[in-house]
Amino acid sequence: MPPAGGMLFAGPPFLPSPSMTLYALKPRFQALLRPVARRLHAGGVTANQVTIGTAAASLLLGVGLALAAAAGESIWFLLLPGWLLARMALNAIDGLLAREFGQASRLGACLNELADLLADAALYLPFALLPATGSALAVLVVVLANVAELAAVVATADGSGRRNDGPMGKSDRALVFGALGLLLGCGIPPGPWLAGVLATIAVLLLPTIGNRVRRGIAGEDRGGQP
C-alpha cells in the first residue's frame, strides 16, 4: 500500500520510485486555488468555460511560438514557463469547479481530455522548428505524450478514474518544457543539448505508458490521487 499523498516508494525509504510524479502535489496546489475557484463560481464562470478558454490560449501561444521558432527569435519562448504554470493552475481550477460546484459532466470530461491533448501538441511542437534540435524528436515526444494520456484513460475501463503514474506525467513535462523555454528565452542557443533533453523525455515516456497500462489493468490503488 503506497503512503498517503500518492507517492510510491521501493527499496530504501529515502529513494523515490521511478513512477513518482509531480501530480502527487496536486492536492496541495488545489487547496491554494480553492478560494479562486469559489470567486469564479460566484461570478458565473463554469468549468467548461475555463477548459475551453485555457485550450484556446494555449493554441494561440503555440502558433506564436512556432512563428518565433521559424524566425529564429527564441526570446519569445520566455512566455512558455509562465503560461505552463498558469495553465496548470487553470486546469486545477476547472477540476475544482466541476467536482465541488456540481458542474461535472461527460461533456466536461471529454473536453478536458481533448483540450489537454491539443494544448500539449500546440505548445511543444514549436520546438521541432528550432534549428539543430532534431524535429523528429520533438514530434516523437508529442506523440508519446498523447499516447501516455490516452493510456491514462483507456487502461481504467472499470471507471476507477484516470491513471497519473510517472515518471514523465503531464506536470513533469510542463516543468521540463518550462525550463527549456526559460533557457532558450534567456539566449542559450538550441543545439545537441536540446535534442538530448527531448530524447530523454521520449525515453521516460515509455515506462510512463507501461506503468499506466499495467497498473490500470491490474486495478492497483491510485494512491489517493484525485
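Conventions and cut-offs
Residues numbered from 1 in each chain as written. Predicted model: local features only at pLDDT ≥ 70, side-chain atom pairs only at ≥ 80, totals over all residues. Heavy atoms only, no water. pLDDT = per-residue confidence, 0-100. Helix = DSSP H or I, 4+ residues; strand = E, 2+ residues; numbered from the N terminus. Contact = heavy atoms within 4.5 Å. Buried < 20%, exposed > 50% of the residue type's maximum accessible area, 1.4 Å probe, protein only.

**A short note on the confidence of the model for the protein**
In step 1: Across the protein, pLDDT averages 85, with 83% of residues at or above 70.
In step 2: Mean pLDDT values for the elements of the protein range from 86 in helix α1 (residues 26-42) up to 97 in helix α2 (residues 47-70).
In step 3: In this model, residues 1-16 is a region of pLDDT below 50 whose contacts with residues beyond four sequence positions or in other chains number 23 contacts.

**Brief notes about unusual backbone geometry**
In step 1: Of note, the bond from G166 into P167 is cis; its omega dihedral lies within 30 degrees of zero at 15 degrees.
In step 2: We note that A132 has phi near 60 degrees; this positive angle belongs to a residue other than glycine.
In step 3: Positionally, A132 belongs in the loop between α4 (106-124) and α5 (135-154).
In step 4: Given the relative accessible area of 56%, A132 is considered exposed.

**Comments concerning the side chain of T54**
In step 1: Assignment of secondary structure puts T54 in helix α2.
In step 2: Using a relative accessible area of 4% as the deciding quantity, one classes T54 as buried.
In step 3: Not counting chain neighbours up to four residues away, the residues in contact with T54 comprise W83, R87, L90 and N91.

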